[in-house]
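Tertiary structure, described
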Amino acid sequence: QVLLVESGGGLVQTGGSLRLACAGSGRIFDTYIMGWFRQGPGKERDFVAAINRSGDMTWYSDSVKGRFTIGRDNAKNTMYLQMSSLKPEDAAVYYCAAAPRVTRSVDFIADYDFWGQGTQVTVST
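Note that the structure is a prediction, hence the values are computed from the model and not measured.

1. As for the environment of T103
Inspection of the secondary structure assignment puts T103 in the loop between β9 (92-99) and β10 (114-115). Looking at T103, its side chain comes within polar contact range of the side chain of D111, at 2.7 Å.

2. Comments concerning the environment of W115
Among the structural elements, W115 can be located in strand β10. With eleven residues separating them along the chain, W115 and R104 place their C-alpha atoms 19 Å apart. When sequence neighbours within four positions are dropped, the list of residues in contact with W115 reads L4, F37, R45, Y95, C96, A97 and I109. Of the polar contacts made by the side chain of W115, one reaches the backbone oxygen of Y112; its length is 3.0 Å.

3. Points about the state of the cysteines
Using the criterion set out here, one finds one disulfide in the structure. Between C22 and C96 runs a disulfide, and the two sulfur atoms are separated by 2.1 Å. Across the S-S bond linking C22 and C96, the dihedral sits near 60 degrees, which makes this disulfide right-handed. Here the residue C22 occupies a position in strand β3 (residues 18-24), and C96 occupies one in strand β9, the gap between them amounting to 74 residues. The class for C22 is buried, based on a relative accessible area of 0%.

4. Focus on the packing of aromatic side chains
Enumeration over the complete set of coordinates arrives at six aromatic pairs. With a centroid separation of 5.7 Å and an interplanar angle of 85 degrees, the aromatic rings of Y32 and F114 are classed as edge-to-face. One end of the pair, Y32, is in the loop between β3 and β4 (33-39); the other, F114, is in strand β10, with 82 residues separating them in the sequence. Judged by its relative accessible area of 6%, Y32 falls in the buried class. Plain terms: the ring middles of Y112 and W115 are 6.2 Å apart, the flat faces sit at 55 degrees to each other, and that makes the pair tilted.

5. A closer look at the sheet that holds strand β8 (residues 78-83)
Two pairing modes exist for strands in a sheet, parallel and antiparallel, and in both the strands are linked by backbone hydrogen bonds. Pairing is antiparallel in the open sheet, where four strands are placed in the order β1-β3-β8-β7. Edge strands, defined here as strands with exactly one partner in the open sheet, are β1 (4-7) and β7 (68-73). When the angles between neighbouring strand axes are averaged without regard to direction, this sheet yields 15 degrees. Here six bridges tie β7 to β8, and the two strands are oriented antiparallel to one another.

Cut-offs applied
Residues numbered from 1 in each chain as written. Predicted model: local features only at pLDDT ≥ 70, side-chain atom pairs only at ≥ 80, totals over all residues. Heavy atoms only, no water. Helix = DSSP H or I, 4+ residues; strand = E, 2+ residues; numbered from the N terminus. Polar contact = N/O pair within 3.5 Å; in protein donor to acceptor, adjacent residues only side chain to side chain. Contact = heavy atoms within 4.5 Å. Disulfide = S-S within 2.5 Å. Buried < 20%, exposed > 50% of the residue type's maximum accessible area, 1.4 Å probe, protein only. Phe/Tyr/Trp six-rings, centres within 6.5 Å; stacked < 30°, edge-to-face > 60°. Pairing = 2+ DSSP bridges. Axes fitted to C-alpha atoms, helices over the stretch in contact; angles between N-to-C directions.

Structure (structure tokens):
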């Protein structure tokens, strides 16, 4: 089991940047595929980005590709999401999640067994 805690959310202007972090507990952090999801008010939780165990493969949703960068530091049990050129539609609660394996694709939410509590990102116009 791994406990996940997000940080770094806040209020940012359109076009601004924000860096989220996800701290994981336990010595097995590097055995998990890690992902970021987000959920806006009244919306479903959507895939944002994912990174493999070693950190050398990444995946992004089309809506954030080219603007967001996911990374991880297994020595620090931490995953990051660098968000740039933020838009009002990026506003949401952002969740980090851990998947022991991928059965279908990295955006398949049911594969993610462990979730953080979420961090709010607000983008002002």
